[in-house]
Amino acid sequence: MQIVKRLIDQYIPEHYSLSITLNRAERTFNGVVTIDGTSTADAVGISLHAKYLVIESVTLDGKKADFKSGKHDELVITHKDLKPGKHIVVVAFSGKITDAMHGIYPCYFEHDGVKKQLLATQFESHYAREAFPCIDEPEAKATFDVTLTTEKDITVLGNMPVLKQTTENDQLVTRFETTPRMSTYLVAWVVGELHKKTATTKRGVEVNVWATPAQPASSFDFALDTATKAIDFYEEFFETEYPLPKSDHVALPDFSFGAMENWGLITYRETTLLAEPETISISSKQYVALVVAHELAHQWFGNLVTMRWWNNLWLNESFATLMEYLAVDTLHPEWNMWLDFSSNESIIALRRDSIDGVQSVQTDVNHPDEIGTIFDGAIVYAKGARLLRMLQFYVGNESFQAGLKQYFKDHAYGNTEADDLWSAIAKASDKDIVGLMHAWLSQPGYPVIHLTRTGEAISLSQEQFFVGPHAKSDRLWPIPLNASDSSLPELFSTREITITSKSTEPLHLNLGDTAHFITHYDDITLQALLTQVKAGKLQPLDRLQLLDEAILLIRGNILPSAQILKLVDAYRQETNEQVWSIIFLALTELRKFVENDPVAEKKLRAFSAEIARSEYERLGWVASDNESEEDSKLRGTILSLTLYGEAPDVIEKARTMYTSTDLDKLDAELRPLLISTVVRNGDSTIVDALLQTYKDSSSGELRQDISVGITSTRIPEKIIELLEVIKDPDVVRAQDAARWFIYMIRGRDSRTATWRWIRDNWKWVMDTFSSGKNYDEYPRYAATALSTREQLQEYIDFFTPLKKDIALNRAITMGISEIKGRVELIERDSAAVISALNNL
């Protein structure tokens with residue numbers, strides 16, 4: 001793809017005075033922006049970014065200037081007197097407010113039977129240019145004076161506190177305080193009917209949580225408490241003060257991201273900020289805490305210090321992902337967040353990163369259309385966070401913190417490359433950080449270490465690990481082994497090595513799951529580790545890691561799939577919730593092998609219920625007094641396995657609980673499971689009633705649970721109806737469409753119809769989502785569910801012509817590899833899995 005020239009190279013903005021009038025009723029806006037900046041010595045004109053804007057006039061240093069549109073969103077300004085140096089550009093412009101969920105867009109909600117709207121912004125990655133002419137690049141930091149003119153009697157929020165509000169010509173004029181130096185993608189405002197709750201940090205920073213009046217104020221408390229304490233935590237951890245006088249957190253009814261770190265005005269989906277005490281599950285509460293902590297970490301890492309260009313996006317997101325777990329683990333040590341890190345982030349990263357064609361963490365971006373393709377959460381967020389966690393353990397927490405403190409001190413309000421961070425941590429730790437991190441960041445994928453032991457000789461070898469078809473790879477990594485035996489080296493950087501050790505204890509690599517690799521143990525070592533699992537001698541994190549890595553080795557054709565049955569059997573006495581999530585995952589891996597064999601499937605159902613029986617008898621259906629949150633979460637996993645066993649009395653118990661309690665009063669940990677069970681085993685009237693409740697409810701948590709459950713229907717007519725509902729924005733918001741699609745493409749009974757639907761309705765997908773960063777979710781998640789050679793060929797036939805779209809190319813290429821790998825695995829292992837099940 002053509003390399004687009006950086007506009008910062010020809011004009012460096014220093015200050016924006018931006019005045020915009022918003023007309024919600026007409027869905028339009030108009031404004032004037034005055035930019036103080038400096039043109040470079042070789043500039044023959046001044047180019048700004050402007051997209052979908054009508055340019056009314058341009059002046060340069062008070063003189064009328066000529067202007068025209070360029071090929072890549074440029075507004076090219078020329079004047080015969082233009083010379084290098086300082087210049088003031090003034091542009092008058094207007095534009096339209098659309099439903100695209102980027103630029104300036106409306107958010108819809110209903111309160112007391114009246115339909116209403118907010119206006120909000122989403123400027124990351126390169127959408128500020130849709131709201132005002134600017135240099136829309138992260139390196140082009142400047143200060144901003146923003147003035148918004150709106151209708152009266154509404155709330156107007158911006159990055160900074162309000163400096164002055166007046167009424168002029170029956171309109172509200174709101175002027176905000178001047179911002180610090182910041183990138184355009186962090187500018188934001190929200191306008192409309194809102195209410196709030198307020199707290200202050202230890203140092204006096206004002207923290208506010210806002211939402212529409214459709215949301216109860218009681219749902220603000222948890223996020224408010226988390227945000228306030230997280231700011232205190234980060235100020236202490238970074239030894240750097242939060243840079244702004246206030247921190248607003250706003251729940252938006254329509255939002256394409258999970259949240260956005262706009263400086264001082266963080267925006268969220270309602271489900272990622274609001275926590276209604278009566279309806280929220282523990283898992284959702286933890287998720288809210290993680291998202292709030294993630295966005296607040298960005299206020300330092302991303303906002304105060306910003307990547308120079310989008311190829312270092314990972315520097316923002318990986319760091320914020322690591323810090324969210326550090327913060328929440330400190331605020332809630334009872335949640336064991338590093339277990340969650342390994343059962344969530346690690347799993348996401350290891351699975352995605354094993355497919356040939358995956359991007360590296362640090363990826364070149366040459367054109368704005370490529371930016372959306374690098375927001376791969378499994379790599380830029382999860383893998384990057386694992387690598388930073390690896391670095392933290394490699395240098396030690398004290399050196400890690402000291403390096404960060406120096407980094408913020410040296411680069412506050414500026415832009416950096418990754419090497420700036422490595423230099424700071426290297427100086428603090430006196431270790432070669434650049435050499436370590438470059439190999440991990442620039443190379444896609446990760447290694448598997450093959451470990452064999454013969455007497456006192458321990459042999460290690462490394463190679464890139466793949467799931468599915470792949471090209472030959474000779475990549476090597478410097479691997480921190482974190483071994484249980486001190487005879488092994490700290491770093492393993494060669495193809496193979498043999499070490500002598502007199503230790504008789506089972507050898508375990510990557511203790512604490514702090515590095516990004518997996519281990520293939522020889523049979524003797526694996527059995528010794530499983531014996532420790534049975535005896536309760538391994539820590540929960542190590543038990544979790546051992547089983548998950550075995551699942552990956554099975555997917556990668558290193559271990560046989562039937563071995564899952566023996567592996568899981570070693571975990572019969574498990575009581576840890578996060579470890580049980582991996583046991584559930586392991587048993588789920590076997591379901592694809594038995595879909596067409598009723599006898600084997602019945603055996604798998606019975607085995608799954610039997611594995612869970614001990615915990616089922618311990619936990620039951622109803623929480624006991626003073627029950628731990630871990631047990632409350634675990635109950636859902638155990639009941640899910642038990643219900644998969646399809647014992648009539650168990651299904652009847654679920655139905656009784658569902659019918660005897662109002663939907664919003666059901667145990668939040670069990671609600672989606674109960675809904676799914678009743679829908680799968682009920683008639684169409686249940687689907688109809690749930691769909692109506694989904695339409696009527698303003699609770700994001702309840703609507704999310706309903707979407708999980710209702711999409712489990714086995715009724716063909718209802719499957720078709722629900723698929724069509726996805727396209728109806730009055731029922732399913734555009735922000736939620738992908739989630740509904742994912743649930744339905746992964747459903748055994750709805751998969752075929754959903755696969756046909758997405759192909760038949762691709763024009764709708766393209767028209768609705770092609771301008772946003774979530775467009776590639778449709779080919780990506782379709783590939784996670786398709787599992788036959790016929791479906792593989794259909795996928796190739798349908799999506800290959802769409803690879804010319806840079807936003808879809810990588811997702812499609814990896815999707816083909818993923819389906820091929822799954823098809824080959826089923827063909828390879830089905831007979832052995834079925835035989836093993838029939839012999840139980």
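Relevant structure appears above.
Just so it is clear, the model here is predicted, and its values are computed rather than measured.

*Asks:* Help me understand the sheet that holds strand β6 (residues 66–69) in this model?
*Replies:* Paired through their backbone hydrogen bonds, the strands of a sheet run either parallel or antiparallel. Strands sit in the order β3-β7-β6 across an open sheet of three strands; the sheet is antiparallel. The sheet is open, and its two borders are formed by β3 (46–49) and β6, each paired with just one other strand. Each neighbouring strand pair of the sheet contributes to a mean axis angle of 25 degrees, computed without reference to strand direction. In this sheet, strand β7 (residues 74–78) lies alongside β3 in antiparallel orientation, the contact comprising four bridges. What sits directly across from L48, in β7, is L75.

*Asks:* What am I meant to see in the pattern of salt bridges here?
*Replies:* Once the charged atoms of two side chains with opposite charge are near each other, the side chains can pair. Under the defined criterion, the tally for this structure stands at 56 salt bridges. The closest approach of N and O atoms between E151 and R24, which form a salt bridge, is 2.3 Å. Residue E151 is found in the loop between β11 (143–150) and β12 (155–158), and its partner R24 is found in the loop between β1 (11–23) and β2 (28–39); the two are separated by 127 residues along the sequence. The exposure class assigned to R24 is buried, which follows from its relative accessible area of 18%. Put simply, R308 and E417 hold a salt bridge, and the shortest N to O gap is 3.5 Å. On the criterion of sequence distance, the pair formed by R308 in the loop between β21 (305–307) and α3 (313–331) and E417 in the loop between β22 (414–416) and α9 (418–429) is long-range, its members being 109 residues apart. The exposure class of E417 is partly exposed, given its relative accessible area of 31%. Salt bridges linked by common partners bring E601, R605, E646, R714, R748 and D749 together as one network.

*Asks:* So what exactly am I meant to see when it comes to the side chain of D776 here?
*Replies:* Note on placement: D776 falls in the loop between α24 (762–769) and α25 (777–783). Look at D776: it is buried, it has no salt bridge, and the nearest opposite charge is R780 at 5.4 Å. In this structure, D776 is in contact with A807, L808 and A811, ignoring residues within four places of it in sequence.

*Asks:* Quick question: what am I supposed to make of the side chain of T677 here?
*Replies:* Locating T677 in the fold gives a position in helix α18 (residues 671–680). Since its relative accessible area comes to 2%, T677 is described here as buried. At a separation of 2.9 Å, a polar atom in the side chain of T677 contacts the main-chain carbonyl oxygen of L673. For T677, the residues in contact, after removing those within four places along its chain, are L643, I651 and A654.

*Asks:* Help me understand the packing of aromatic side chains in this model?
*Replies:* Centre distance and the angle of the planes are the two values used to describe a pair of aromatic rings. Applying the stated rule across the entire model yields 42 aromatic pairs. Note on W755 and Y795: the rings are 6.0 Å apart at their centroids and 20 degrees apart in plane angle, and the pair reads as stacked. With W755 in helix α23 (residues 751–760) and Y795 in helix α26 (residues 789–799), the pair connects residues that are 40 residues apart, well separated along the chain. Grouped by ring-pair contacts, the aromatic residues F233, Y234, F237, F238, Y242, W300, F301, F319, Y407 and F408 constitute a single cluster.

*Asks:* Explanation requested: the environment of P540 in the structure shown.
*Replies:* Within the secondary structure layout, P540 lies in helix α12 (residues 540–555). Placed 56 residues apart in sequence, P540 and N596 show a C-alpha to C-alpha distance of 35 Å. With residues near it in sequence (within four places) discarded, P540 still touches L339, N576 and V579.

*Asks:* Looking at this structure, how should I read helix α11 (residues 523–534)?
*Replies:* Structurally, the α-helix is built with 3.6 residues per turn, so residues lying three or four positions apart point the same way. Along its twelve residues, α11 runs 16 Å from first to last C-alpha, staying within 8% of the 16 Å computed at 1.5 Å per residue. For α11, the complete set of buried residues consists of T525, L526, L529, L530, Q532 and V533. The arc enclosing the buried residues of α11, seen along the axis, measures out at 155 degrees, which places them on a common side. For α11, the exposed residues lying more than 90 degrees away from the buried face are D523, I524 and K534.

*Asks:* How do you make sense of the packing of helix α8 (residues 397–411) against α9 when you look at a structure like this?
*Replies:* A packed helix pair is summarised by two numbers, namely the angle formed by the two axes and the spacing between the axes. Remark: α8 packs on α9, axes separated minimally by 8 Å, with the N-to-C direction vectors making an angle of 130 degrees. With respect to α9, the axis of α8 lies oblique. α8 and α9 meet at a crossing whose hand is right-handed. Across the interface between the two elements, S399, F400, A402, G403, L404, Y407 and H411 from α8 touch D420, L421, A424, I425, A428 and S429 from α9. Here the residues of the contact of α8 with α9 are counted per class, giving eight nonpolar, four polar and one charged.

Conventions adopted
Residues numbered from 1 in each chain as written. Predicted model: local features only at pLDDT ≥ 70, side-chain atom pairs only at ≥ 80, totals over all residues. Heavy atoms only, no water. Pairing = 2+ DSSP bridges. Helix = DSSP H or I, 4+ residues; strand = E, 2+ residues; numbered from the N terminus. Axes fitted to C-alpha atoms, helices over the stretch in contact; angles between N-to-C directions. Salt bridge = Lys/Arg side-chain N within 4 Å of Asp/Glu carboxyl O. Buried < 20%, exposed > 50% of the residue type's maximum accessible area, 1.4 Å probe, protein only. Lys, Arg positive; Asp, Glu negative; His and termini not counted. Contact = heavy atoms within 4.5 Å. Polar contact = N/O pair within 3.5 Å; in protein donor to acceptor, adjacent residues only side chain to side chain. Phe/Tyr/Trp six-rings, centres within 6.5 Å; stacked < 30°, edge-to-face > 60°. Expected span 1.5 Å × (residues − 1). Arc of directions from axis to C-beta. Parallel < 35°, antiparallel > 145°, perpendicular 65-115°, else oblique. Left-handed = near helix turned anticlockwise from the far one by under 90°. Nonpolar A, V, L, I, M, F, W, Y, C, P; charged D, E, K, R; others polar.

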